[in-house]
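Chain residues, written in single-letter form:
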Amino acid sequence: MIRINERARAFADSAAMRTSLKLLLALAAAVGAAWGIARSTPYWFAPRQPAVVDIHDPALIARGQYLSRAADCAACHTAPGGRPFAGGLGMQTPMGTLYSTNITPDPATGIGAYDYADFERAVRRGIRHDGQPLYPAMPYASYVIASDDEIRALYAYFMGAVQPVRQHNADSTIPWPANMRWPLAWWQLLFARPRSFVADPSLDAGQQRGAELVEGLAHCGACHTPRGVAFQETAMADDESRRFLSGSVLEGWYAKNLRNEATGLASWSQDEIVEFLRTGRTDRSAAFGGMADVVEHSTQYLTDADLLAMARYLKQLPPRAGRSTQWIAGPDTTTTALRDGDYRVEGSLAYAEHCQACHRADGRGMPRIYPALAGNSIVFADDPSSLVQVTLAGGRTPHTPHDRMAFSMPGFEHLPNAQLAQILTFIRSSWGNQASAVSEADIARMRRVVRDKPVHVVPQEVAP
């Protein structure tokens, strides 16, 4: 009887081992097939599109420079203190830090060895010179709708006018196996398929131009559209879901809702949007964080016609279901209380001590210098992340020739979490603002985000 049981156990163990081996072989075959398909995608998913481009044509170069600014190439590919387009900017992701690459025409460390077909595949299809997929931090899912003429102008500018810099690219800190590139080919198959700009017949020519810029080269959705579980933009253009440009958090900043909603752009006039994109300021608001970089490197250089086109397109975006198209301020009982020295509301005394000198008792700040807190949609946004981060870590407005100087806001990280939460809750519920409270947990979470900000890589230029 004992021998029979031993034989049964041995047989069961042998059967389990065979089953495990079959499963391992099936898994290996599936991974191998997935790898093979992924490695073949550059050849059938994004075939090369050769073209002859005169990289010495002054008009084409000038056009390419304008388009590079519309596409905001410098903001990502130029690290603070680094050489233009030489890379090294650290970008925070949930899995680690990505560093932007050298896109100067240096043949050894940049894109100097790229012919036009290589360049086109990289920009519009996210395929590197060696056939490897690019991380989707590069907004090729938006750039894919750029026209052939635009890509040729960009190629002429980068190859014919940008100064080459010999600077090696920095490796990401994303750990294995998440840093493997070949699975990104499947991401591209799912979320970055070939497409063209689809004109909306209900829009006039100016709004159509704005839509093409916003959806394409300006890639506004890369920051302002919510992301899905695979880090994909949940909408690439306006559709029935109304998720496009409805607001998202990136690197701890809340890229605000740009739809015509109460907490979006309903309280902004068309002229205010244009002025904000041109200068980074309005009488009520100012750009900080990533948007300050966008204004400084990109939108301040766009023509009045293009800025107006973008503003007109944004203002016509309908609200999401159940959202109001009007922002109605509540009663202002705050100004009188602060002026009378009435600090019974939690957070009001700390506001008077740390904030009132610049932003004033009426919360209106000083036009074009200190942003208003009253009636500022960035303050009463759906998500308080930007308000929390700029209060905690400080920030600066963009440098542009349209204003006398850039202003900086000091950080208040020395204040305890409870006090910061009280101040920001007070701000978000005062002067007619009606927004959710900020918790100590919100402050603690942002401290971690600020603590983990990547250090940019700016090595010395390598000798040839």
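The preceding data block contains the structure.
Residues numbered from 1 in each chain as written. Predicted model: local features only at pLDDT ≥ 70, side-chain atom pairs only at ≥ 80, totals over all residues. Heavy atoms only, no water.

A.B. asks: So what's going on with the overall build of the protein? Which residues, and what values?
C.D. replies: Within the protein, the regular secondary structure consists of 18 helices and six strands. Taking all 464 residues of the protein together, the buried fraction comes to 47%. For the protein, restricting intrachain contacts to residue pairs at least 6 apart in sequence, the fraction spanning at least 24 positions comes to 67%. By element, 58% of the accessible surface of the protein is carried by carbon and sulfur atoms, the whole surface being about 22500 Å². (Helix = DSSP H or I, 4+ residues; strand = E, 2+ residues; numbered from the N terminus. Buried < 20%, exposed > 50% of the residue type's maximum accessible area, 1.4 Å probe, protein only. Contact = heavy atoms within 4.5 Å. Areas by Shrake-Rupley, 256 points an atom, 1.4 Å probe, with all protein chains shown as cover.)

A.B. asks: Summarise the state of the cysteines; cite the residues concerned and give the values.
C.D. replies: Under the defined criterion, the tally for this structure stands at zero disulfides. The structure places no disulfide on Cys223, whose sulfur is separated from the nearest cysteine sulfur, that of Cys76, by 7.9 Å. Overall, the relative accessible area of 31% leaves Cys223 in the partly exposed class. Not engaged in a disulfide, the cysteine Cys358 finds its nearest cysteine sulfur in Cys355; these two sulfurs lie 8.8 Å apart. (Disulfide = S-S within 2.5 Å.)

A.B. asks: Go over the pattern of salt bridges with me, naming the residues and quoting the values.
C.D. replies: By the definition in use, this model includes 26 salt bridges. Across the pair Arg259 and Asp238 runs a salt bridge whose closest N-O atoms are separated by 2.9 Å. Highlighted residues: Arg259 in the loop between strand E4 (253-255) and helix H10 (270-279) and Asp238 in the loop between helix H9 (221-224) and strand E3 (248-250), separated in sequence by 21 residues. In this structure, the salt-bridge partner of Arg320 is Asp382, at a minimum N-O distance of 3.7 Å. Note that Arg320 is positioned in the loop between helix H12 (304-315) and helix H13 (334-339) and Asp382 in the loop between helix H15 (356-359) and helix H16 (385-393), a separation of 62 residues in sequence. (Salt bridge = Lys/Arg side-chain N within 4 Å of Asp/Glu carboxyl O.)

A.B. asks: Would you mind going over the nonpolar core in detail, with residue names and values included?
C.D. replies: In this structure, Phe85, Phe119, Phe158, Val214, Leu245, Tyr313 and Leu314 are the most contacted members of the largest nonpolar core, which totals 63 residues. The element best represented in this core is helix H6 (residues 148-160), accounting for eight residues. In this structure, Phe85 is in contact with Cys73, Ala74, His77, Thr78, Thr101, Asn102, Ile103, Thr104, Tyr157, Phe158 and Val162, ignoring residues within four places of it in sequence. Counting residues in hydrophobic clusters, the runner-up holds 23 residues, among them Ala374, Leu420, Leu424 and Val438. (Core = buried A, V, L, I, M, F, W, Y, C linked by side-chain atoms within 4.5 Å.)

A.B. asks: Describe in detail the pairing of strand E2 (residues 96-99), supporting the description with residues and values.
C.D. replies: Regular strands place side chains that alternate from one sheet face to the opposite one. Bridging between strand E1 (residues 90-93) and E2 involves four bridges; their strand directions are antiparallel. By the bridge assignment, Thr93 is partnered in E2 with Gly96. In textbook terms, the turn of a hairpin is the stretch between consecutive antiparallel strands, and for E1 and E2 this stretch comprises two residues. (Pairing = 2+ DSSP bridges.)

A.B. asks: Please provide a residue-by-residue account of the environment of Pro371, values included.
C.D. replies: Residue placement: Pro371 occurs in the loop between H15 and H16. For Pro371, a relative accessible area of 15% gives the class buried. Non-local contacts of Pro371, meaning those with residues more than four positions away in its chain, are made with Arg284, Ser285, Ala286, Phe288, His359, Gly365 and Asn376.

A.B. asks: So what's going on with the packing of aromatic side chains? Residues and values would help.
C.D. replies: Tallied over the entire structure, the rule returns 14 aromatic pairs. When the centroid spacing of 5.7 Å and the interplanar angle of 85° are considered together, the rings of Tyr116 and Tyr155 count as edge-to-face. Highlighted residues: Tyr116 in helix H4 (residues 116-125) and Tyr155 in helix H6, separated in sequence by 39 residues. Tyr116 gets classed as buried once you look at its relative accessible area, which sits at 5%. Relative to Phe276, the ring of Trp268 lies with its centre 5.3 Å away and its plane at 90°, an arrangement referred to as edge-to-face. What makes Trp268 buried here is its relative accessible area of 6%. Since its relative accessible area comes to 10%, Phe276 is described here as buried. Site record: aromatic cluster; members linked through ring pairs are Phe85, Tyr116, Phe119, Tyr155, Tyr157 and Phe158. When the ring centre of Tyr301 is taken as reference, the NZ or CZ atom of Arg69 above it lies at 3.8 Å. A cation over a ring is seen here: Arg227 above Phe231, with NZ or CZ 4.5 Å from the ring centre. (Phe/Tyr/Trp six-rings, centres within 6.5 Å; stacked < 30°, edge-to-face > 60°. Lys NZ or Arg CZ within 6 Å of the ring centre and 35° of its normal.)

A.B. asks: Kindly report on the side chain of Asp442, identifying the contributing residues and their values.
C.D. replies: Relative to the elements of secondary structure, Asp442 occurs in helix H18 (residues 440-451). The exposure class of Asp442 is buried, given its relative accessible area of 17%. Among the polar contacts made by the side chain of Asp442, one reaches the side chain of Arg445 at a distance of 2.7 Å. Here Asp442 is in contact with Val388 and Ala437, once residues within four sequence places are set aside. (Polar contact = N/O pair within 3.5 Å; in protein donor to acceptor, adjacent residues only side chain to side chain.)

A.B. asks: With reference to specific residues and values, describe the side chain of Asp118.
C.D. replies: Along the chain, the position of Asp118 falls in helix H4. By relative accessible area, Asp118 is classed as buried at 6%. A distance of 3.1 Å separates the side chain of Asp118 from the side chain of His129, its partner in a polar contact. Those residues in contact with Asp118, other than ones at most four positions away along the chain, are Arg48, Ala113, Ile127 and His129.

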